[in-house]
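Residue strings, one per chain:
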Amino acid sequence: KKDKKDVNLDESSPVIQAFRVFQKELDNRNDRNERIVKLSRDITIESKRIIFLLQRCAGLEDKEAILNEAANKFEELYKSKFYPLALELEGQDPYQYLRAFSPGKYCTREAF
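First things first, this report covers the structure right here in the doc. (Residues numbered from 1 in each chain as written. Predicted model: local features only at pLDDT ≥ 70, side-chain atom pairs only at ≥ 80, totals over all residues. Heavy atoms only, no water.)

### Focus: the nonpolar core
Under the convention used in this document: Side-chain atoms within 4.5 Å link the members of a nonpolar core, which is a set of buried Ala, Val, Leu, Ile, Met, Phe, Trp, Tyr and Cys residues. Burial here depends on accessible area, computed with a 1.4 Å probe over protein chains only, as a share of the maximum for the residue type. Under 20% is buried, over 50% is exposed, and the range in between is partly exposed. Helix and strand assignments follow DSSP, with helices taken as H or I runs no shorter than four residues and strands as E runs no shorter than two, numbered in order from the N terminus. Between two residues, a contact is recorded if the distance between any of their heavy atoms is within 4.5 Å.
In this structure, Ile36, Leu85 and Ala100 are the most contacted members of the largest nonpolar core, which totals 13 residues. Among the elements of the structure, α1 (14–56) and α2 (64–89) are those that each provide at least two residues to this core. Residue contributions to this core peak at 6 residues, all from α1. Beyond its immediate stretch of four places on either side in the chain, alanine 100 contacts Asn33, Ile36, Val37 and Ser40.

What follows is the structure, encoded as structure tokens:
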């Protein structure tokens, strides 16, 4: 083990102050990124549930109830996930968060 030495930092130093600003900016960006990733995952999960719900109506004569339920679920998904995701991205550089969310998984022939 190496002995840790106590380092006294001069908090009034311009370099230290600049690094404190950078620290806050990076912390804010990382927190926003995590929120975006969480919302994106929640959207994907709920979207799959809606798709499975819609697949249930194949072959049924009374599809209206299932279609209404799917429409209600989609409206709730929009209000609870899509809208907050849009608010998180508002005013941000879109290129910084490209990998935090996606429009969906890409399908390949091997997936089928």
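### Some thoughts on the pattern of salt bridges
The cut-off we apply is this: Criterion for a salt bridge: a side-chain nitrogen of Lys or Arg within 4 Å of a carboxyl oxygen of Asp or Glu.
Applying the stated criterion across every chain, the model contains 6 salt bridges. Here glutamate 46 and arginine 49 are joined by a salt bridge, their closest N and O atoms 3.3 Å apart. One end of the pair, glutamate 46, and the other, arginine 49, are both in helix α1, 3 residues apart, so they sit about a helical turn from each other. Salt bridges linked by common partners bring Arg32, Arg35 and Glu88 together as one network.

### Concerning α1
Inclusion rule: Under the convention used throughout, the expected extent of a helix is 1.5 Å for every residue step, that is, one less than its residue count.
Its 43 residues give α1 an end-to-end C-alpha distance of 63 Å, which sits within 8% of 63 Å, the value for a rise of 1.5 Å per residue. Burial in α1 covers these residues: Ile16, Arg32, Asn33, Ile36, Val37, Leu39, Ser40, Asp42, Ile43, Glu46, Ile50 and Leu53. In the core, the buried residues of α1 are packed alongside α2.

### Thoughts on the environment of tyrosine 97
Looking at the secondary structure, you find tyrosine 97 in the segment after α2. A relative accessible area of 2% places tyrosine 97 in the buried class. In this structure the C-alpha to C-alpha distance between tyrosine 97 and isoleucine 36, which are 61 residues apart in sequence, comes to 8.2 Å. Contact partners of tyrosine 97, with chain neighbours within four places excluded, come to Arg29, Arg32, Asn33, Ile36, Leu89 and Gln92.

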